[in-house]
Amino acid sequence: MSTTKLGFDEFDENLRPAPEVVEFEETANRMVSRRGFLSGGAAVGATAFVMGSTTLAAGKALAAGEHKMSRLAFEMVKANAEDTITLPAGYKWEVLASWGEPLFSNAPEFDGTTGGTGASQELAFGDHNDGMALFVHNGRQIMCINNEYTNLNTLHANREGGVPTTADDIRKSKAAHGVSIVEVARRGGKWGIVKDSEYNRRITADTEMDITGPARGHDLLKTKADPQGVVAKGTWNNCGNGQTPWGTYLTCEENFNGYFSSSDKNLVINDDLKRYGIGHDDWGYKWAMADDRMDIAKEPNEPNRFGYIVEIDPLNPSSRPKKRTALGRFKHENAEVEIAANGHVVVYLGDDERGEFLYRFVSENKYVAGGDNSELLASGTLYVAKFHDNNKGEWLALTPKTTGMTEAEIAIHTRQAASKVGATTMDRPEWVASNPSKCEVYCSLTNNKNRGVKPNAGGDATPAGGPNPRVKNNFGQIVRWRPMNEDHTATQFSWDLFVLAGNPAVYDDANAGSKNVNKDNMFNSPDGLKFDQNGLLWIQTDGNYSNAKGFAGQGNNQMLVGDPETGEIKRFLVGPKECEITGSAWSADRTTMFVGVQHPGEDGNSRWPFNSVPRSSVIAISREDGGIIG
Ligand code: FEO
Ligand code: CA
Ligand code: CA
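By the naming in an unreviewed UniProt entry, the protein chain is PhoX family phosphatase, taken from Maribrevibacterium harenarium.

Rendered as structure tokens:
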């Protein structure tokens, strides 16, 4: 993703440049070569790909002479740079919902020349849709869809340079963020939002929600508006998502820091704020212009109330969302929920920042099918992953004993707690997805140009190795792990890489990627991950779409499907210009797959989807023969 000019990570780094450390680079490159991890290189037999054998033996490719019927039964789409959606033959798409589409009949129609008003946006589908989930209730289909952020030039199309100018511009911007809850239906053969459904609801940056868990009421959460530290106002930068077996939606606050600024440019930014990328300047949203709580000179604790997982009951439109501080505070990507064999709820969580960590939450109490599970996410233990080079790993508990911090402090300053126990710095953990066919979990490590170059914001070293094998990692990889004894609450796991993305058309070194990447299926920056009911892994990208230099031939951002058993990967979809593909869900009958297209034309070069102002949209993909998809 990027804002108008700088990517989020670049913006953070400009605010707090870290010292350059280059000593790891040569070592890492030698290691990658030594292990023979070269494009289509050393012939590697099937046994070498067995889990836990070789760190870099990604993708259990079939051995020579071994032939298996592919489970990916579609004709692969070619990479391209078109301003449309490209699908395999036999598949079609339509728009389900777009930014600015009214959810209620008393709301005005979308106005692309102004981008709408605060009042219109509060009654309309939010901007930059991301993670999503579908809930079925009495035969009706209700979707929760995150609205992560906005492109200032399109949201404020009526303002010079897209700069918000009035209080109503800020109201509009806050309402474009959050979550859109909509009933959807296919009527007359066409998917769309059910206008005026009693389930339709907008949750925005101003919606009141309860703070639960260890941080509730802590001094660091107290503000003038909330002296008890128990009620937060709003949620924003909602990236990936989760869905619980008890019917709630989890929305994940990611780059929450970019909305805070300081009216006092001499204000000392302490280390705790710096670790989360909070500084004197916001990323252009200018919310402090109309809301004092966004000014850290006036309300220094407000940032501590963001960066959490928020639980929402989509079937009860009057319910209050709950911030789940027990699941930690960081730049949350998504929240993958599993019920372990022993009944505890396990939630896998990535912190998407260069050199930050991968987490696991284990609930204190157990899930009871049909019982009251509504407070299972209020208490439990957080763990952080430590990967060893021998394909083994362990979950390190974050407790008062291991960190010297209180439970509330661990919940609020989770990154600092994880640094204290020596967790493995990762290449930007994005979505986590758990394989329904076996006890095995996948995580996208999207890219990390700082790997082996400089430490993370907490000063932790980022040497190349383990699941982050490449220095200056431009392409990303997907790591997977198997909990010991098929127990998601086990301390130990084994791991390997499912794929190391790369460009074998340009490189013949480690940047060519793993053996299951070739000139026809190559991509960069895996991000969204989701398993379908057949145990196939859908992979979405948010990467470099320049289609040039190291990325030549990779085209626009895309969606691919991987088979965990064979390592085979095929491209299923290519998105329009300057978009990312993110978020997915299936209709109740699984004949439709919903997929998110975020920020088409973020640099001004798209007219997708209506040959007009570019609009982030959710599309509905189906087969022409009406068959099941995924
Ligand atoms: Fe919102 Fe890490 O992507
Ligand atoms: Ca993402
Ligand atoms: Ca991303």
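A few words now on the coordination of the calcium ion (ligand 2). Ideal values differ by geometry: the angle at a metal is 109.5 degrees with four tetrahedral donors, but 90 or 180 degrees with six octahedral donors. Of the protein atoms, only E333 (OE), E430 (OE), D527 (OD) and D527 (OD) coordinate the calcium ion (ligand 2), at distances of 2.3 to 3.0 Å. In this structure, the calcium ion (ligand 2) is positioned 3.5 Å from the calcium ion (ligand 3), and both are ligated by E430. With E333 in strand β13 (residues 332–339) and D527 in strand β22 (residues 526–531), the pair connects residues that are 194 residues apart, well separated along the chain. For the residue pair E333 and D527, the accessibility class agrees, reading buried in each case.

Coordination sphere of the calcium ion (ligand 3), protein contribution only: E430 (OE), D527 (OD) and D542 (OD), at 2.4 to 2.5 Å. Sequence spacing of the donor residues for the calcium ion (ligand 3), all on one chain, is E-x96-D-x14-D. Taking relative accessible area as the criterion, E430 reaches 2% and is therefore assigned buried. Under the relative-accessibility criterion, D527 is labelled buried at 2%.

Attention shifts here to the sheet that holds strand β7 (residues 208–212). Judged by pairing direction, the sheet is mixed, and its six strands sit side by side in the order β8-β7-β12-β11-β10-β9 without closing on themselves. This sheet does not close on itself; its edge strands, each paired only once, are β8 (231–233) and β9 (238–243). For this sheet, the mean angle separating the axes of adjacent strands, direction not counted, is 35 degrees. Where β7 and strand β12 (residues 322–324) come together, three bridges link them in parallel fashion. Counted as the bridge partner of D210 is K322 from β12.

Right, let's get into the nonpolar core. One finds W236, V347, L349 and Y359 to be the most contacted residues of the largest nonpolar core, which totals 45 residues. Elements represented by at least two residues in this core include exactly β10 (249–253), β13, β14 (344–351), β15 (358–366), β16 (380–387), β17 (392–398) and α9 (414–420). Considering each element in turn, this core owes the most residues, three residues, to β14. Discounting residues that sit within four places of it in the chain, W236 has contacts with H177, A205, E253, E254, F256, Y259, F260, W287, R293, M294 and F306. Among the nonpolar cores identified, the runner-up in size contains 21 residues, and L573, C579, M593 and I629 belong to it.

Evaluated as defined, the whole model comprises 31 aromatic pairs. Note on W236 and F260: the rings are 5.9 Å apart at their centroids and 55 degrees apart in plane angle, and the pair reads as tilted. Placement of W236 in the loop between β8 and β9 and of F260 in the loop between β10 and α6 (271–275) is noted, with a sequence separation of 24 residues between them. Comparing W236 with F260, the two get one shared label, buried. Taken together through their ring pairs, the aromatic side chains of W236, Y259, F260, Y285, W287 and F306 make up a single cluster. The ring centre of Y276 lies 4.1 Å from the NZ or CZ of R329, which sits over that ring. In this structure, R615 is placed above the aromatic ring of F110, and the distance from its NZ or CZ to the ring centre is 3.7 Å.

Read from one edge of the open sheet, four strands run β22-β23-β24-β25, paired in antiparallel fashion. Edge positions in the sheet fall to β22 and β25 (569–574), since each of these pairs with one other strand and no more. Going from strand to strand, the sheet's axes swing by 25 degrees on average, the running direction of each strand aside. Relative to strand β23 (residues 537–541), β22 is paired through four bridges, and the arrangement is antiparallel. By the bridge assignment for β23, L529 is matched with I539.

Examined against the element boundaries, C239 turns out to sit in strand β9. In this structure C239 comes out as buried when scored by relative accessible area, which is 2%. When the C-alpha positions of C239 and N147 are compared, they lie 7.5 Å apart, and in sequence the two are 92 residues distant. Beyond its immediate stretch of four places on either side in the chain, C239 contacts D130, G131, N146, E148, C252, E254, H332 and E333.

Attention shifts here to the pattern of salt bridges. Counted under the stated rule, the structure contains 39 salt bridges. Between K233 and D206 there is a salt bridge whose closest N-O contact spans 3.9 Å. Here K233 is found in strand β8, whereas its partner D206 is found in the loop between β6 (201–203) and β7, with 27 residues between them in sequence. Residue K233 is classed as partly exposed on the basis of its relative accessible area, which comes to 36%. We note a salt bridge from R320 to D210, for which the minimum N-O separation is 3.0 Å. Note that R320 is positioned in the loop between β11 (309–312) and β12 and D210 in strand β7, a separation of 110 residues in sequence. Several salt bridges share partner residues, and in doing so they unite K174, D206, D226, K233, D291, R293, E302 and R305 into one network.

P609 follows W608 through a cis peptide bond whose omega is 10 degrees. You can see P609 is positioned in the loop between β27 (592–598) and β28 (617–623). The phi dihedral of R428 falls on the positive side, at around 60 degrees, and the residue is not glycine. When you line up the elements, R428 lands in the loop between α9 and β18 (429–434).

With respect to the helices, strands and loops of the structure, I170 is situated in helix α5 (residues 167–176). When its relative accessible area of 1% is taken as the criterion, I170 is described as buried. On a C-alpha basis, the gap between I170 and W287 in space is 5.8 Å, while along the polypeptide they are 117 residues apart.

What counts and how
Residues numbered from 1 in each chain as written. Chains lettered and ligands numbered in written order. Predicted model: local features only at pLDDT ≥ 70, side-chain atom pairs only at ≥ 80, totals over all residues. Heavy atoms only, no water. Donors = N, O, S within 2.8 Å, 3.2 Å for Na, K, Ca; no water. Helix = DSSP H or I, 4+ residues; strand = E, 2+ residues; numbered from the N terminus. Buried < 20%, exposed > 50% of the residue type's maximum accessible area, 1.4 Å probe, protein only. Pairing = 2+ DSSP bridges. Axes fitted to C-alpha atoms, helices over the stretch in contact; angles between N-to-C directions. Core = buried A, V, L, I, M, F, W, Y, C linked by side-chain atoms within 4.5 Å. Contact = heavy atoms within 4.5 Å. Phe/Tyr/Trp six-rings, centres within 6.5 Å; stacked < 30°, edge-to-face > 60°. Lys NZ or Arg CZ within 6 Å of the ring centre and 35° of its normal. Salt bridge = Lys/Arg side-chain N within 4 Å of Asp/Glu carboxyl O.

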